[in-house]
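Inside the fold
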Amino acid sequence: MATTTKTVVATGASSGLGFHVIKHLLSQSSQPYNFILGARDVSRTQNAYRAAFPEKSGSLDPHSLEILPLELSDLKTVKRFADQTLEKLGEKKQGIDYLLLNAGITNGAGAEKPGPGGSKWCEALVVNHLSQHYLTHLLLPALLRSDRTDTTDSESRIVVVSSGAIRRVTDPITLEKDLLAGSGKDGHTVYPETKFVQLLGAHWWRRKLKETRCKVVAVSPGLIPGTGIGRGSGMVLNMGMKDAKSVEEGAQSILRAFTRDDFPEDPDRIFLTSWGEWWDSDTIGKTLDKELQDRWCPEKEELEAEEGLKGL
């Protein structure tokens, strides 16, 4: 019997961890994948994948790979990317098996600049959380297509690439002021706070989808100096630091989030560490506040109205 093709839609797969995750899956032949990747620079990303597989001569059989334009600081392009993705999946009569939300930025200016597209929020919050939260809303019909059967293979999964930096947020009440565009907060503050909000989003989706066959996993790849994540924020990271891991090791941590099914009985324990452990509720306790989750995770129509997208 032929193996069913699985569809992966991903952000943040042009380089670094996301690139290595997709490259690893492309190197396998036993499971065919249909990849749809969003990228700021489509041509450069296409060239990177061609260079990674020169022996394929343009064909990635048994897989297919499509790269579509996506600028996460602009929610209008998020809508266009989602529309194009749903159209292509409709043509193939496929749903989404894995939605990988890997994109993330640090910003040397922190929250000093005006928000992108007139947003009241800083660019890092728009990219690291709001745009990908919006994308999940838009792609939800394709994620839930597999809900029509009762087989294990019909499950879909949202994989949110998180960070242990969320533990640096000691008082979530500061988020409202710190993450405003022009607040003046630097990258040392803004990055962990946006990843904290992103984890609130993962919990929000887990609650929303609890009666479906779509699972939500947040995963930390670990401390990965090789991604250059510290550039621009003043953070200096190197492989000599405690617990530092290579990009390949970080990619393997993310890949585990695709396949792990030993979910804890406590439904709040959705955070998979780079050591392969499910963090307990006490460690991620501040992100379990349901009112806080609801505050930072608007419904689609609310987000469109707030970001000036209504009617698009």
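In this report, the structure presented in the accompanying data block is examined. (Residues numbered from 1 in each chain as written. Predicted model: local features only at pLDDT ≥ 70, side-chain atom pairs only at ≥ 80, totals over all residues. Heavy atoms only, no water.)

Within the structure shown, the criterion is met by seven aromatic pairs. Ring centres 4.9 Å apart and planes at 90 degrees place the aromatic pair W204 and W205 in the edge-to-face group. Ring geometry for F263 and W278: centres 5.5 Å apart, planes at 45 degrees, overall tilted. You can see F263 sitting in the loop between α7 (247-259) and β7 (271-272) and its partner W278 sitting in the loop between β7 and α8 (290-296), a full 15 residues away along the chain. According to the relative accessible area criterion, F263 is partly exposed, its value standing at 29%. Taking relative accessible area as the criterion, W278 reaches 11% and is therefore assigned buried. Over the ring of W296 we find R295, and its NZ or CZ is 4.8 Å from the ring centre. (Phe/Tyr/Trp six-rings, centres within 6.5 Å; stacked < 30°, edge-to-face > 60°. Helix = DSSP H or I, 4+ residues; strand = E, 2+ residues; numbered from the N terminus. Buried < 20%, exposed > 50% of the residue type's maximum accessible area, 1.4 Å probe, protein only. Lys NZ or Arg CZ within 6 Å of the ring centre and 35° of its normal.)

Our focus in this paragraph is the side chain of N34. Take N34: it is sitting in strand β2 (residues 33-39). In this structure the side chain of N34 is engaged in a polar contact, spanning 3.3 Å, whose partner is the side chain of K92. In this structure N34 touches T5, K6, T7, V8, S64, L89, K92 and Q94, once residues within four positions along its chain are discounted. (Polar contact = N/O pair within 3.5 Å; in protein donor to acceptor, adjacent residues only side chain to side chain. Contact = heavy atoms within 4.5 Å.)

One open sheet accounts for seven strands, arranged β3-β2-β1-β4-β5-β6-β7; its pairing is parallel. Of all strands in the sheet, those with a lone pairing partner are β3 (64-69) and β7, marking the two edges. Two elements, strand β1 (residues 6-11) and strand β4 (residues 98-101), share four bridges in a ladder whose sense is parallel. By the bridge assignment for β4, V8 is matched with Y98. Contacting β1, β2 and β3, helix α3 (residues 75-92) runs over the sheet at an angle of about 150 degrees to β3. (Pairing = 2+ DSSP bridges. Axes fitted to C-alpha atoms, helices over the stretch in contact; angles between N-to-C directions.)

Two numbers describe how helix α1 (residues 16-26) lies on helix α2 (residues 42-52): the axes approach to 11 Å, and their chain directions differ by 45 degrees. It follows from the interaxial angle that α1 and α2 lie oblique. Here the hand of the crossing between α1 and α2 comes out right-handed. Of the residues in α2, those in contact with G18, F19, I22, K23 and L26 of α1 are A48, Y49 and A52. For the contact of α1 with α2, the per-class residue count stands at six nonpolar, one polar and one charged. (Parallel < 35°, antiparallel > 145°, perpendicular 65-115°, else oblique. Left-handed = near helix turned anticlockwise from the far one by under 90°. Nonpolar A, V, L, I, M, F, W, Y, C, P; charged D, E, K, R; others polar.)

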